Amino acid sequence: MRTDWRQAILYSIKSRHVHWRRAAQQERLHVDFLLQNWLLILVAVGSGAMLLFPALTGGVGQGGMSVADAVQKMNREKAVLVDVREAGEYANERIAQSKNIPLAQLSEKLPQTVKSKSTPVLFLCAHGSRSARAAAIAKKLGYEQAYSVGGGMRNWKSANMPVSGGKA
């Protein structure tokens, strides 16, 4: 009976040793793969970063639309263009048909400005980040078609669209 007990302990120790050895070999395989394929991994991470960059910087993406799509929506669907920049920024340069509602006042003033919640509403700011937040707020208020113009005034001007005010 003593031999069975001793053999069980030896078998347990040996099987653990074999398990640890296999785990170490697998870990070495993972490290070898990473070292041999570092360029592939770098390309994969870089392409993922490039895909996420527009969404993180407030550009076109996450409900944002291009300037051409915004103009088309304004012309075809009579979308309302709301500029969410501060009053001073809006006074310097603005789009003629836009209405100014600073982002901080959007929740109170949007229902007064755009009465129908089914009307398309386009939000614009300097670079696109505030307008993305404004579109999210509008959707919470029940506006079904709330969009951010990707890139804001920067993209509007680079598309040679008309701007009125100080620095046209």
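Refer to the structure above for everything that follows.
As the structure is a prediction and not an experimental result, all values here were calculated from the model.

K.L.:
Would you mind going over the nonpolar core with me for this structure?
P.N.:
For soluble globular proteins, the rule of thumb is that nonpolar side chains tend to be buried together. Ranked by size, the top nonpolar core spans 16 residues in total, and within it Val82, Val84, Leu106, Leu110, Val121, Phe123 and Tyr143 carry the most contacts. Looking at this core, the elements with two or more residues in it are β2 (80-83), α5 (106-113), β5 (121-124) and α6 (129-140). Residue contributions to this core peak at 3 residues, all from α6. Aside from chain neighbours lying at most four places away, what touches leucine 106 is Val84, Ile101, Pro111, Phe123, Ala134 and Ile137. In this structure, Met74, Leu122, Val149 and Met153 belong to the second largest nonpolar core, which totals 14 residues.

K.L.:
Honestly, helix α3 (residues 67-77) in this entry has me stumped. Any pointers?
P.N.:
Three or four residues apart is the spacing at which side chains of an α-helix point the same way, because the helix has 3.6 residues per turn. Inspection of α3 places Val67, Ala70, Val71, Lys73 and Met74 among the buried residues, and these make up the whole buried set. For α3, the buried positions fall inside an angular range of 160° around the axis, keeping them on one side. Away from its buried face, by an angle of more than 90 degrees, α3 presents the exposed residues Ala68, Asn75 and Arg76. Elements that come into contact with the buried residues of α3 comprise β1 (64-65), β2, β5, β6 (146-149) and α7 (152-158). Count one or two residues on from α3 and you reach lysine 78, which has phi positive near 55°.

K.L.:
Just checking my understanding: could you explain the pairing of β6 for this structure?
P.N.:
The side chains of a regular strand alternate between both faces of the sheet. Across 2 bridges, β1 lies against β6 in parallel orientation. Considered in β6, the bridge of methionine 65 is made with valine 149. Examined bridge by bridge, β5 and β6 share 3 bridges and lie parallel to one another. Across the sheet, the residue bridging to leucine 122 is tyrosine 147, located in β6. Of the crossover connections in this fold, the one passing from β5 over α6 to the parallel β6 is right-handed.

What counts, and at which threshold
Residue numbers restart at each chain and count upward from 1, following the sequence in its written direction. Where local features are concerned, this predicted model is filtered to residues with pLDDT of at least 70; where side-chain atom pairs are given and counted, the filter is 80 or more; whole-chain, interface and lining totals use all residues. Hydrogens are left out, water is left out, and the side-chain values use all remaining heavy atoms of the structure. Nonpolar core, defined: a set of buried Ala, Val, Leu, Ile, Met, Phe, Trp, Tyr and Cys residues in which side-chain atoms within 4.5 Å join the residues together. Any residue under 20% of the maximum accessible area for its type is buried, any over 50% is exposed, and the rest in between are partly exposed; the area is computed with a 1.4 Å probe on protein chains only. By the criteria applied, helices consist of DSSP H or I runs no shorter than four residues and strands consist of E runs no shorter than two, each listed in order from the N terminus. Note on contacts: a residue pair is in contact if any heavy atoms of the two residues lie within 4.5 Å. Directions drawn from the helix axis to the C-beta atoms are what define this arc. Only strands that DSSP links by at least two bridges are regarded as paired with each other. Seen with the strands pointing away from the viewer, any crossover whose path from the first strand over the helix to the second strand runs clockwise is right-handed.

Taken by themselves, the reported measurements are silent on function.
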